[in-house]
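Residues per chain, in single letters:
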Amino acid sequence: MQKSYLIKRILYAIFIFFVVMVLNFFIPRIGVDDPAERYYPPQGNMTDVEYDIIKQVTREQYGFDVSNLQQFLNYAKGLFQGDLGTSFRPGNPKVSDLIAERLPWTLVLSVTNLLISLFIGLMIGTIAAWRRGRWQDTLLLNMSTISTALPAFFLALILSFYFGFELELFPAYTNPNMVSGFDWSWEAVKVVMYNAALPIISMSIGGIIGYGQGTRNAVIAVTNEDFILTARAKGLSRNQVIFKHTLRNAMLPIVTSLGMSISGLIGGAVIIEQIFNWNGMGTLFLEANNTNDYPLMMGIMLFMSAFAIVANLVTELCYSLLDPRVTVGEKR
Amino acid sequence: MTKKFLFCILIMTLSFGLVACVGNEYERRNDPTNTLYVGAVAASFPTSFMPWLSREGIAPTIASMLYSTLFSYDEETGDFLPSIAKEWYYVDPDGNPIITEDGHIDYERLESLYSVSSQKYLPVKIVLNDDVYWNDGTKLTAEDVYYTFDIGTNNALSNHAGALAWTSDLQHNYSNGILLRQGIFTYDHGANERGYQILEDEKDTVLYIHVNKVLGAITSLFTTILILPKHIWEPIVTPSNQLNSKEPTEETLYQYQHPIGSGPYDLDSEHSNAQVIVLKKNENYHLKNEQNGDLYQVDTIKFMLFQEVNVAIYALLKGHVDILDSTISSNYMSLFEGRDHIYVSNAEGTFIQSLVLNLNPATSEKNPMRDLLASSDVRRAIALAIDQEELVQNVLNGAGLTVSAGLMSENLTDFYNPDADILRGDLTQRLSEANAILDELYPLKDASGYRLFQDHRISFEILGSPGEQEVISRLQVQLQKIGIEVKYTAKGSTPERTFLYNSKFDMTLQGVIFSLSNLDIMYRAHFVTLSNSSNYGRLSNLTLSARIESMRNTLNLQTKYDLICELQPMIAEQYYKIPLYCSNVLTVARTDRYTGFVTVNGQSIFNTESLQNLTLVSEEG
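All residue numbers refer to position in the chain's written sequence, counted from 1. Lettering of chains starts at A and numbering of ligands starts at 1, both following the order in which they are written. In keeping with the predicted nature of the model, local features appear solely for residues at pLDDT of at least 70, side-chain atom pairs appear and are counted solely at 80 or more, and the whole-chain, interface and lining totals rest on all residues.

A.B. asks: I'd like to hear about the overall build of chain A, residue by residue, with values.
C.D. replies: In terms of helices and strands, chain A carries 13 helices and zero strands. Taken over the C-alpha atoms alone, chain A extends approximately 90 × 60 × 40 Å along its principal axes. Residue burial in chain A is summarised as follows: out of 332 residues, 37% are buried. Taking the contacts inside chain A whose residues are at least 6 apart along the sequence as the reference set, 72% of them involve residues at least 24 apart. Helix and strand labels come from DSSP, where a helix needs a run of H or I of at least four residues and a strand needs a run of E of at least two; each type is numbered from the N terminus. With C-beta atoms placed from the backbone, the exposure class of a residue follows from how many other C-beta atoms lie within 10 Å of its own: 20 or more, buried; 12 or fewer, exposed; in between, partly exposed. Two residues qualify as a contact pair if the distance between their C-beta atoms, derived from the backbone, is within 7 Å.

A.B. asks: An account of helix α4 (residues 68–80) of chain A is needed here, citing residue identities and associated values.
C.D. replies: To estimate how far a helix should reach, multiply one less than its number of residues by 1.5 Å. In this model, α4 of chain A (13 residues) spans 18 Å end to end at C-alpha, consistent with the 18 Å of a helix rising 1.5 Å per residue. A positive backbone phi angle near 80° is found at glycine 82 of chain A, which sits one or two residues after α4 of chain A.

A.B. asks: Lay out the domain arrangement of chain B with the relevant residues and their values.
C.D. replies: A common way to express how large an interface is: the accessible area buried when the components associate. Residues and elements named next belong to chain B. All the domain ranges listed were derived from an automatic or database domain assignment. In terms of domain boundaries, chain B breaks down into domain 1 (27–45 + 263–345 + 586–620), domain 2 (69–251) and domain 3 (352–583). Computed over C-alpha atoms only, the centres of domain 2 and domain 3 are separated by 39 Å. Counting residues at the interface gives 14 residues for domain 2, matched by 14 residues for domain 3.

A.B. asks: How would you sum up the sheet that holds strand β4 (residues 85–90) of chain B? Please name residues and give values.
C.D. replies: All names here are of chain B. The four strands lie next to each other as β4-β5-β9-β8, forming an open sheet whose pairing is antiparallel. A strand with exactly one partner marks an edge of an open sheet, and here the two such strands are β4 and β8 (184–185). Two strands qualify as a pair provided that DSSP identifies no fewer than 2 bridges between them. Relative to strand β9 (residues 206–212), strand β5 (residues 121–128) runs antiparallel, the two sharing seven bridges. Each bridged residue has a counterpart across the sheet, and for proline 123 the counterpart in β9 is histidine 210.

A.B. asks: So what's going on with the nonpolar core? Residues and values would help.
C.D. replies: For this analysis, nonpolar core means a set of buried Ala, Val, Leu, Ile, Met, Phe, Trp, Tyr and Cys residues linked through C-beta atoms within 7 Å. One finds Val38, Ala40, Leu207, Phe306 and Met507 of chain B to be the most contacted residues of the largest nonpolar core, which totals 195 residues. Looking at which element gives the most residues to this core, the answer is helix α8 (residues 186–223) of chain A, with seven residues. Residue contacts for phenylalanine 306 of chain B: discarding those within four places in its chain leaves Tyr173 and Asn277 of chain A together with Gly39, Ala40, Val41, Val311, Ala312 and Ala315 of chain B. Leu98, Leu265, Phe285 and Met298 of chain A belong to the second-largest nonpolar core, a separate cluster that totals 20 residues.

A.B. asks: Which residues make up unusual backbone geometry, and what values go with them?
C.D. replies: The backbone phi angle of asparagine 397 of chain B is positive, close to 50°, even though this residue is not glycine. Residue position: asparagine 397 of chain B is located in the loop between α13 (388–394) and β16 (400–401).

A.B. asks: Got a sec to walk through the pairing of strand β12 (residues 300–306) of chain B? Specific residues and values, please.
C.D. replies: Within a regular beta strand, the side chains point alternately toward one face of the sheet and then the other, so they alternate between its two faces. All names here are of chain B. When you tally the buried positions in β12, you get six out of seven residues, the bulk of the element. Direction of pairing for strand β1 (residues 35–41) relative to β12: parallel, over a ladder of seven bridges. Along β12, the bridge assignment pairs threonine 35 with threonine 300. As defined by bridge partners, strand β11 (residues 276–281) adjoins β12 across five bridges and the pair is classed as antiparallel. Across the sheet, lysine 280 pairs through a bridge with threonine 300, a residue of β12.

A.B. asks: Got a sec to walk through the packing of α8 of chain A against helix α10 (residues 238–263) of chain A? Specific residues and values, please.
C.D. replies: Residue and element names in this part refer to chain A. Running from N to C, α8 and α10 point in directions that differ by 140°, and their axes come no closer than 8 Å. On the basis of the axis angle, α8 is oblique to α10. Crossing geometry of α8 relative to α10 is assigned as right-handed. Between α8, through Tyr211, Gly214, Thr215, Ala218, Val219, Val222 and Thr223, and α10, the contact on the second element is made entirely by Thr246, Leu247, Asn249, Ala250, Pro253, Ile254 and Ser257. Along the lines of polarity and charge, the residues of the contact of α8 with α10 split into eight nonpolar, six polar and no charged. Structural elements are reduced to axes, namely lines fitted to C-alpha atoms, with helices fitted over the stretch in contact, and the angle between N-to-C directions of any two is expressed from 0 to 180 degrees. For classification purposes, an angle smaller than 35 degrees is called roughly parallel, one larger than 145 roughly antiparallel, one from 65 to 115 roughly perpendicular, and anything else oblique. Take the far helix as the reference: if the near one is turned anticlockwise from it by less than a right angle, the crossing is left-handed, and if turned clockwise, right-handed. Three categories are distinguished: nonpolar for Ala, Val, Leu, Ile, Met, Phe, Trp, Tyr, Cys and Pro, charged for Asp, Glu, Lys and Arg, and polar for the others, with Gly belonging to the last.

A.B. asks: Describe the environment of serine 245 of chain B, and please don't skip the residues or the numbers.
C.D. replies: With respect to the helices and strands, the residue serine 245 of chain B is situated in the loop between α8 (230–233) and α9 (250–257). Taking the C-alpha atoms as reference, serine 245 of chain B lies 9.3 Å from leucine 157 of chain B; in sequence the two are 88 residues apart.

A.B. asks: So what's going on with the sheet that holds β16 of chain B? Residues and values would help.
C.D. replies: Residue and element names in this part refer to chain B. A sheet is described by the order of its strands in space; here six strands give the open sequence β16-β22-β15-β21-β19-β20, paired in mixed fashion. Bordering the open sheet on either side are β16 and β20 (485–490), each of which pairs with just one other strand. Bridging between β16 and strand β22 (residues 577–583) involves two bridges; their strand directions are antiparallel. The residue bridging leucine 401 from the neighbouring strand is cysteine 582, located in β22. The sheet strands contacting helix α15 (residues 469–480) are β15 (352–357), β19 (459–464), β20, β21 (507–512) and β22, and the helix crosses β20 at an angle near 165°.

Listed below in structure tokens is the structure:
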């Protein structure tokens, strides 16, 4: 891979980040003439003069007393100093602190979900491909159809009600003391695993089937290649053919899906977190949205976007490293 | 391969099974203590308990339990009930109470003293209870009240718009930290110099305030502002570290999270977090019950956060919580039917749903169809065709009431005027009257039976949210009977700015709540003010506006009540905000651990009276 290609991709990612930053700042402001009026509607027997004073105080307090452009410049300056802004919530905590507090809990769900989906998806996809036309393959295809029609949040509700409320095998919603009581002890880890079980199952069923389907198609495409026939003719065992030759060459589309999954790691569990009261980034975003906490909303969106941009960049770079046939940007 | 795969699945299932052995922790079921588990459906819980900063979700409820106001307000009688303060009086310029021989406010004398006087304020004397303590053991005094009101008006220290709004009726003003006009007087803050005699042994309990010259001025000061402890906040609040500073100091943050209040409950900071809030009864709370025992009967309250209403309802049904502190749609009621230990509180509500007609759009928004609504005859025909009983039965599943066209609840017996109830009566008769009015104005109809105006079907759009589509579809059927078509149109997330404030709509649904405590503000906002107010249809009626101003400005309570009675028929006859229904407040509790839940009009079952009346079942047994 050439340096120029690497620099080009990085510059492109920075440009995308800048565009996201601009949109992220201005979109919440569209249609809002005076945010102060939304925070403090007229109260009491106040006169217009008194209300104007109050609105001015609110504008100054939250930095709305300057033009949108100036606000943007202040915001951009803060960002370059690593400051995502200050939330409107009582106590005015830093947005970055709130994100840092919630991010690990979202990663617990989403990373576990990704690993489970990838591992099981690869296995069942490979099996379905090798047993093409048999019951394993038919089952995967049917499951794929059902999974497309069954959104994860609906599955989450069903699992919460049946396994949580009715059978009481797992918590229907997160133990409120799980986060505050977490101390890295084995007991605390077990509590987290126990509480994360249903959210992870709800999220990973779709992922398993998605990766399974993707792997199946990729493996079938590779299985028809001549080099697989050669490998078989050489007398290699089935496992050697699958793992050393087929899967490796079928990885390209899977890595693409993986890259997309990684970029959605943080924002992909909003509704699931809400259903299970999971104190992560998704619920933080909903809280910000429901309370018109613009700095927090903007901070979360920007963080998610930055994460997605970096994940995509890394995926693109891995893409060319994984498959020597891919020579994007390189001169022959 | 398949075998290995199945083996892996088996291993994973077993691991989940092992994890499941951790066991469920629904602690309410086995909790023998006097702890009420309250499910709260909210986006988030507050983690900071400075009452002036907590405005969202459950925060005001929590704040009102940790702190106290001077008085509480009885919506039905309009009386101020003792809390931190026990008595109050309007006083004459010498500081003497303006009261009748039997101890009530002498409104006639008040009126004669101040209505034509050049003095621009009303002086009020407040007497505090002398046995109120902060939960750190410090005595609450008049200086705490002074400090609270003073800092609320001084934006060099508080920089808090809400506090300024709540204290806007107080004639105590600052400019850049300099006191321009003093409107609060205590023993230590110039009362005697101002001519209000406070004896030394009264200095902790007596203060005077100057308020705007309207009767409603004291309401928000008495019942909205939670009093803060001066000894906690004064040392740390400075112009460089304001209350609600964007960068609070460590000490300020600590105080936000470890509140010192004087309310009936204290925060158990150690056991509270972002998803559960634990309150413990304040054993030294100064208000007692009739037997001089504890006023509040519940020792501990645990608020548990639910972000999804369905999950919260199941948590109640399965016994994870005792009560839900949120209203339930009547559509959910079948879930609770036939279940043991479930109490559904069906309290009469105060929220009146109305259909607003845009009768006076701004010039740029006028069109021939909207011009029809300027006619009071057309508006009257529409109002007569609306069948409130049908809406209550079908939209609310019976959980609601019909409403007077004066938009006043019948519960408010002191000033409800039945003469304003002009839209009741036999529906067939009303429809024929409505059709007769319209036949005279617009006799032609199209093939579908809708009336024509300038060869166009008379058709209006009703601005609403997706949740209001059912009401609007019922209105479609009802108004079809008089040949008027109405259609649903989505109002979006910022309807005020997009449609309502600039009169870019035909009709819309609007909830109104009128009570004695808010009429001064709400009547003007709904029927007088033309820009950026709740008067979306821009009603402009000089007679009505003048009567509303008279009602606001009178210093005689009886005159005020009389004017409120007089205003209701005037409002009804505008046929501007047509009542559709008043929905009940439906809330649910379990009765297997506690009995004694009290249904209070307009409130959820988690209310002050329930907390004062609940008994643990085991204790009762």
